[in-house]
Amino acid sequence: MDIKRVSNKDQINAIENLAYDIWYQHYTPIIGKHQVAYMLEKFQSVEAMTEQIKNGFLYFLILDDNVPVGYMSVELHSETLFLSKFYVIEAERGKGYGRTMIAFLEALAKEKSLNKISLTVNKYNTGSIKMYEKVGFVISGTVVQDIGEGFIMDDYQMEKRL
């Protein structure tokens, strides 16, 4: 497995393709097809990700033998590394990618002198919640956010102290 910091349009295109595959498969049963389509356009399109990168988000592409299998995105806050996106294609889940990705993020946070990693996760995304708990995250709160077009994100806040 290789973790590459995203630095060009081809990599952003690869992430957009992964996002569409992952989101429609994983999130349609949780939030429905219409909200998935809206969120992909708003947060995971090439245009949205390019803007996020301009605003300080760091994106990473996860590769296995140069084949994209996942991606993640973080934002550096004053004391926290905020994990915005963390995805692996279904066929590759359960093979240790998540643990390796978390270890990479822990090292990045320590390098930046940050003392915790935080994230939000849909309350009904039970598989992801269990994975986060296995690698040391705890639920620290809840947040309901209006994201427009009548859609909301109903999430747990989770954190891992380093």
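In this text the structure is predicted, and so the values were computed from the model without any measurement.

Let us now look at the packing of helix H1 (residues 9–31) against helix H3 (residues 46–54). Taken N-terminus to C-terminus, the directions of H1 and H3 make an angle of 125°; their axes are 9 Å apart at the nearest point. Relative to H3, the element H1 lies oblique. Both H1 and H3 take part in a crossing whose hand is right-handed. On the side of H1, the interface is formed by Lys9, Ile12, Asn13, Ile15 and Glu16, while H3 contributes Val46, Met49, Thr50 and Ile53.

Okay, the pattern of salt bridges next. According to the stated counting rule, one finds six salt bridges in the structure shown. Between Glu106 and Lys160 there is a salt bridge whose closest N-O contact spans 2.3 Å. Of the two residues, Glu106 sits in helix H4 (residues 97–111) while Lys160 sits in strand S7 (residues 151–161), which places them 54 residues apart along the sequence. Here the salt bridges do not stand alone but share partners, grouping Lys116, Glu159 and Arg161 into one network.

The subject of this paragraph is the nonpolar core. The tendency in soluble globular proteins is for nonpolar side chains to be buried as a group. Of all hydrophobic cores here, the largest spans 26 residues; its most connected members are Met72 and Leu83. Going through the elements one at a time, strand S2 (58–64), strand S3 (67–76), strand S4 (80–88), H4, strand S5 (116–122) and helix H5 (126–134) are the ones with two or more residues in this core. Top element by residues in this core is H4. It accounts for six residues. Listed in part, the 24 residues of the second largest apolar core include Val6, Ala14, Leu61 and Phe151.

The next subject is H1. With 23 residues, H1 extends only 29 Å from end C-alpha to end C-alpha; this falls clearly short of the ideal 33 Å at 1.5 Å per step. Within H1, burial applies to Gln11, Ile12, Ala14, Ile15, Glu16, Leu18, Ala19, Ile22, Trp23 and Tyr27. Those residues of H1 that are buried are in contact with strand S1 (2–5), helix H2 (33–44), H3, S2, S3 and S4. Among the residues of H1, the N-terminal cap falls to Asn8, whose side-chain oxygen and the backbone nitrogen of Asp10 are separated by 3.0 Å. Gly32, located one to two residues past H1, shows a positive phi value of around 90°.

Reading the values: the criteria
Residues numbered from 1 in each chain as written. Predicted model: local features only at pLDDT ≥ 70, side-chain atom pairs only at ≥ 80, totals over all residues. Heavy atoms only, no water. Axes fitted to C-alpha atoms, helices over the stretch in contact; angles between N-to-C directions. Helix = DSSP H or I, 4+ residues; strand = E, 2+ residues; numbered from the N terminus. Parallel < 35°, antiparallel > 145°, perpendicular 65-115°, else oblique. Left-handed = near helix turned anticlockwise from the far one by under 90°. Contact = heavy atoms within 4.5 Å. Salt bridge = Lys/Arg side-chain N within 4 Å of Asp/Glu carboxyl O. Core = buried A, V, L, I, M, F, W, Y, C linked by side-chain atoms within 4.5 Å. Buried < 20%, exposed > 50% of the residue type's maximum accessible area, 1.4 Å probe, protein only. Expected span 1.5 Å × (residues − 1). Polar contact = N/O pair within 3.5 Å; in protein donor to acceptor, adjacent residues only side chain to side chain.

Just geometry here; none of it tells us what the structure is for.
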